[in-house]
There are 2 protein chains.
Amino acid sequence: MSELALEAQKLDAADELAPLRSRFVLDDVVYLDGNSLGALPANVPDRVADVVRRQWGELRIRSWEESGWWSAPERIGDRIAPLVGAAAGQIVVGDSTSVNVFKALVAAVRMAGEDRTEILVDATTFPTDGYIAESAARLTGRTLRAVTPAEVPGELGDRTAAVLLNHVDYRTGRLHDLPGLTAAIHAAGALAVWDLCHSAGALEVGLDEHGVDLAVGCTYKYLNGGPGSPAYLYVRRDLQPRFDSPLPGWNSHTDPFGMSPSYAPAPGALRGRVGTPDILSMLALEAALDVWDGVSVAAVRAKSLALTDFFLRCVRAYSEPGRVESVTPERHEERGSQVALRCDDAGEVMKRLIARGVVGDFRHPDVLRFGFTPLYVGFGEAERAARILGEELA
Amino acid sequence: MSELALEAQKLDAADELAPLRSRFVLDDVVYLDGNSLGALPANVPDRVADVVRRQWGELRIRSWEESGWWSAPERIGDRIAPLVGAAAGQIVVGDSTSVNVFKALVAAVRMAGEDRTEILVDATTFPTDGYIAESAARLTGRTLRAVTPAEVPGELGDRTAAVLLNHVDYRTGRLHDLPGLTAAIHAAGALAVWDLCHSAGALEVGLDEHGVDLAVGCTYKYLNGGPGSPAYLYVRRDLQPRFDSPLPGWNSHTDPFGMSPSYAPAPGALRGRVGTPDILSMLALEAALDVWDGVSVAAVRAKSLALTDFFLRCVRAYSEPGRVESVTPERHEERGSQVALRCDDAGEVMKRLIARGVVGDFRHPDVLRFGFTPLYVGFGEAERAARILGEELA
């Protein structure tokens, strides 16, 4: 056994989060794609079966009240809140991330007022955010400009309405400076909208602490909610009365069953709801959040950094120098919970890795992505993945 | 046994659709709320369990391709298509009805061109359509005017961009004249957007035959897709190249995994997609659509009319004259698949009916709604519901 394999054994033995792995359904595959689709929490299948057979099959329409279906978006939002550093009453779950980006950005622009005519968007963002930002700009009569997060402070001005940024870059795994950028955006009188897809559940976000205005995120990556589980929307409490949704569906009405022909928004986070929530996907997510019971996000973050540090060391040890190049920052304060390695034949290499039981993913044109979910990935797996990667690169 | 009960027995014995009831999980409750939440199809629990345990739990990320997750929105759209009279390739499933109303209406207004400055909306519509129409008008710089469906032909003009109408009124159960109104809207050079929530799965819609431009609908009523199952969007084939979505998420990109920073819409119905689809809710719907195998919508419609006719006769026989008033049209060509009865104490009456195992619902302020899903409701149940209603009204 190599020295690194021995070291991995020791690290796993000392890992206080290691027992959490039993809360998931896993096998011999080294699953490093939890940053794309989280693994199945072990309690989800029975919960979903109950939702289908008893709540839908037996109680049917009564479940909207009796099984808590109606209030699920805000109830589950309150379960996510502590994971992203938000007090209760500021998050609702529902719709896709794209739809929530649209709500958040249009609402932010409206709050900023008519004199502020420009939206800035992260030029390195996951594409959907850019596409939706373009639509939001077009529909609200603003201009849109793409800049890198590093450029944001220098590009802000008294015309800036809102800035849409990714907390962690989906490609490189770079963690952006949420506190600093939010402060800079506020100093310019603009609103900060953060996309937490690649950070929530992997590291501390501190939405309330850092005064973020609006935020969105998906729940199927580090929150393990299942394929296409609903996204969420955070609206800071003091901004909620001014949250003017471009998607004012009946679920956000202050009296939804009054069936009034005129719209009157509900108070609070509820205002971010739109139509009837997708209950099966949503309640699977609710069950999935049980894995966080008693888990500290700070401990998750510490393990995540230890895992990615160790994986990078192993990659260097097992791969020919220069064969792959890490595009993930070395500095902890700039690193999310994934490692992205660049090599020209990344697409082919990832296929071979998957065939050998190491599942990461490929991002066009030349990036190998390895996501580290501290709840269920161990150091032994990091070592094994790096070793097999080294063999496949040779 | 009363004469009506005997007649019900004969009608049930002669009902060719009666065996379909075994495709659902039902009990002794007379479930007349399938127009709000359809009953559980018997094959759904095992299918959902397989999606959770095997597709998510074992295959994980591979299921996006291997289990057909990625193509589910258009594949399931093609399953719905024949139920609403549409050829394949024109429907995608995803998002809520409200979100789809937004996509359809903004896209319709854009197709109509800048000279057409007014949107007409059904004044009797389910509220969310009106709220969303107001937002669509505001964001596209159009005015919005609410008119009744009967008033539409007289209110159309060369400024009309689009008209949003309900096929069946959610409150009264009135069926509107889709062919005639669509023709009138087209004669004025405007686009017709139909909401099929209360008609799809209960009667023939004929989207292609009648030249409807765009349509939306939910899938959890007569299509039995489960609580909050995703809605769908129909864009007529020849309009698809001009469908300019206000929600251009990455799932509607022509090369979604190219991760291009600039948006280029996919051809065809795919253009109506937005973000990552909610797979659990979506695949439950796909399984639920199996109950339609070999079922003719014309036969469903014939039984629906026979059921509502019979129920109205029973209500008249069992209730004191004048105690309730039907607000559902007598004429078949004006009737959907529900019966709405008005009485001042409707809220209280419905509570007592539910306690006695007859489940309909109450719509503020004075309407008792009884939905008849011909796939699983029989004449004996219609008679029993009317009899118990008569007792509770006495």
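In the annotation of an unreviewed UniProt entry, the entry for chain A reads Kynureninase, and the organism field reads Streptomyces puniciscabiei. The UniProt entry for chain A carries this comment under Cofactor (unreviewed entry): "pyridoxal 5'-phosphate". The annotation that UniProt attaches to chain A under Sequence similarities (unreviewed entry) is "Belongs to the kynureninase family."

A. Molecular detail of the overall build of chain A. Helix and strand counts for chain A come out as 12 helices and 13 strands. Its C-alpha atoms give chain A a radius of gyration of 22 Å, near enough to 21 Å, the size a compact globule of 394 residues would have. Here the C-alpha coordinates of chain A stretch approximately 70 × 60 × 35 Å along the principal axes. Within the span of chain A, comprising 394 residues, buried residues form 65% of the whole. In chain A, the proportion of contacts linking residues at least 24 apart, taken out of those at least 6 apart, comes to 72%. Both charge centroids of chain A, one from 40 positive and one from 54 negative side chains, sit 2 Å from each other.

B. Focus on the packing of aromatic side chains. Applying the stated rule across the entire model yields 25 aromatic pairs over all chains. For the pair Trp64(A) and Trp70(A), a centre-to-centre distance of 6.2 Å together with 65° between the ring planes defines the contact as edge-to-face. Ring pairing ties together the aromatic residues Trp64(A), Trp69(A), Trp70(A), Trp250(A), Phe257(A), Phe126(B) and Tyr170(B), which thus form one cluster. For Arg273(A), the ring lying beneath its charged end belongs to Trp70(A), and the centroid distance is 4.8 Å. In this structure, Arg60(B) packs its charged tip against the face of Tyr31(A), placed 4.7 Å from the ring centre.

C. Structural view of the sheet that holds strand S13 (residues 367-371) of chain A. Residues and elements named next belong to chain A. Sheet architecture is open: 4 strands sit in the order S9-S10-S13-S12, paired in antiparallel fashion. With one partner strand each, in any of the chains shown, strand S9 (325-326) and strand S12 (361-363) form the two edges of the open sheet. Strand contacts of helix H10 (residues 297-318): S9, strand S10 (338-342) and S13, with the helix running at about 25° to S10, the strand carrying the most contacts.

D. Looking closely at the UniProt feature "binding site: pyridoxal 5'-phosphate" (unreviewed entry) in chain A. Residues and elements named next belong to chain A. Within the UniProt annotation, "binding site: pyridoxal 5'-phosphate" (unreviewed entry) is assigned to Thr 97, Ser 98, Phe 126, Pro 127, Thr 128, Asp 129, Asp 195, His 198, Tyr 220, Trp 250 and Thr 276. Annotated residues spanning 180 residues; largest pairwise C-alpha distance 30.5 Å, indicating distribution over more than one region. As for the annotated residues named above, the ones lining the second largest pocket are Trp 250 and Thr 276. Mapped onto the elements of the fold, Thr 97 is located in helix H5 (residues 97-112). Contact partners of Thr 97, with chain neighbours within four places excluded, come to Asp 195, Cys 197, Val 216, Gly 217, Cys 218 and Ala 231. Along the chain, the position of Thr 128 falls in helix H6 (residues 127-140). For Thr 128, a relative accessible area of 3% translates into the label buried.

E. Inspection of the sheet that holds strand S2 (residues 91-93) of chain A at higher detail. Residue and element names in this part refer to chain A. One open sheet holds the 7 strands; their spatial order is S2-S8-S7-S6-S5-S3-S4, and the pairing between them is mixed. Each of the sheet's edge strands pairs with one partner strand only, and the pair in question is S2 and strand S4 (143-147). With direction set aside, neighbouring strand axes in the sheet form an average angle of 15°. Pairing of strand S6 (residues 191-195) with strand S7 (residues 214-217), which is carried by 3 bridges, proceeds in the parallel orientation. Among the inter-strand pairings, Val 193 is bridged to a residue of S7, identified as Leu 214. In the packing of helix H4 (residues 72-80) onto the sheet, the strands contacted are S2 and strand S8 (232-235), and the crossing angle to S2 comes to about 120°. Against the sheet, H6 engages strand S3 (118-122), S4, strand S5 (160-166) and S6, with an angle of about 155° to S4.

F. Looking closely at the interface of chain B and chain A. Each partner contributes to the interface: chain B provides 74 residues, whereas chain A provides 74 residues. Carbon and sulfur atoms supply 66% of the area buried between chain B and chain A, which totals about 6000 Å² over both sides. Among the residues chain B hides against chain A, the three largest losses belong to Trp56(B), Arg60(B) and Tyr131(B). Together they make up 14% of the total. At the junction of chain B with chain A, the criterion picks out 6 salt bridges. When the shortest N-O distance is used, the salt bridge between Asp244(B) and Arg138(A) registers 2.5 Å. Our count for the chain B to chain A interface comes out at 21 residue pairs in polar contact (both at pLDDT 80 or more). Those elements that place two or more of their residues in the side of chain B that touches chain A are helix H2 (44-59), helix H5 (97-112), helix H6 (127-140) and helix H9 (279-288) of chain B. The element that contributes the greatest number of residues to the side of chain B that touches chain A is H2(B), accounting for 9 residues. Partitioning the side of chain B that touches chain A into residue classes produces 41 nonpolar, 21 polar and 12 charged.

G. Molecular detail of the pairing of strand S13 (residues 367-371) of chain B. All names here are of chain B. Judged by how many residues are buried, S13 sits mostly within the fold: 5 of 5 residues are covered. Alternating positions in S13 separate into two faces, Val 367, Arg 369 and Gly 371 on one and Leu 368 and Phe 370 on the other, with burial throughout. Both strand S10 (residues 338-342) and S13 contribute to a ladder of 5 bridges, which runs antiparallel. Along S13, the bridge assignment pairs Gln 338 with Gly 371. The sheet contact formed by strand S12 (residues 361-363) and S13 spans 3 bridges and is antiparallel. Across the sheet, Phe 362 pairs through a bridge with Leu 368, a residue of S13.

H. Spotlight on the packing of H4(A) against helix H9 (residues 279-288) of chain A. Residues and elements named next belong to chain A. Interhelical geometry of H4 versus H9 gives an angle of 25° and a closest axis separation of 10 Å. The angle between H4 and H9 falls in the class roughly parallel. Once H4 is placed against H9, the crossing between them reads as left-handed. Between H4 and H9, the contacting residues are Ala 72, Pro 73, Arg 75, Ile 76 and Arg 79 on the first element and Met 282, Leu 283, Leu 285 and Glu 286 on the second. A per-class count over the contact of H4 with H9 returns 6 nonpolar, no polar and 3 charged.

I. Focus on helix H8 (residues 178-187) of chain B. All names here are of chain B. Three or more residues of H8 are buried, namely Leu 178, Leu 181, Thr 182 and Ile 185. Seen along its axis, H8 keeps its buried residues to an arc of 100°; they face one direction. With its phi angle positive at about 80°, Gly 189 sits one or two positions after the end of H8.

Cut-offs and rules
- Residues numbered from 1 in each chain as written.
- Chains lettered and ligands numbered in written order.
- Predicted model: local features only at pLDDT ≥ 70, side-chain atom pairs only at ≥ 80, totals over all residues.
- Heavy atoms only, no water.
- UniProt positions renumbered as here; feature names shortened; annotations may be inferred.
- Helix = DSSP H or I, 4+ residues; strand = E, 2+ residues; numbered from the N terminus.
- Rg over C-alpha atoms; globule rule 2.2 N^0.38 Å.
- Buried < 20%, exposed > 50% of the residue type's maximum accessible area, 1.4 Å probe, protein only.
- Contact = heavy atoms within 4.5 Å.
- Lys, Arg positive; Asp, Glu negative; His and termini not counted.
- Charge placed at Lys NZ, Arg CZ, Asp CG, Glu CD.
- Phe/Tyr/Trp six-rings, centres within 6.5 Å; stacked < 30°, edge-to-face > 60°.
- Lys NZ or Arg CZ within 6 Å of the ring centre and 35° of its normal.
- Pairing = 2+ DSSP bridges.
- Axes fitted to C-alpha atoms, helices over the stretch in contact; angles between N-to-C directions.
- 1 Å grid on protein atoms, 1.4 Å probe; cavity = no way out; pocket = protein on both sides within 12 Å on 5 of 7 lines; lining within 4 Å.
- Buried area = accessible area lost by both parts, 1.4 Å probe.
- Salt bridge = Lys/Arg side-chain N within 4 Å of Asp/Glu carboxyl O.
- Polar contact = N/O pair within 3.5 Å; in protein donor to acceptor, adjacent residues only side chain to side chain.
- Nonpolar A, V, L, I, M, F, W, Y, C, P; charged D, E, K, R; others polar.
- Parallel < 35°, antiparallel > 145°, perpendicular 65-115°, else oblique.
- Left-handed = near helix turned anticlockwise from the far one by under 90°.
- Arc of directions from axis to C-beta.

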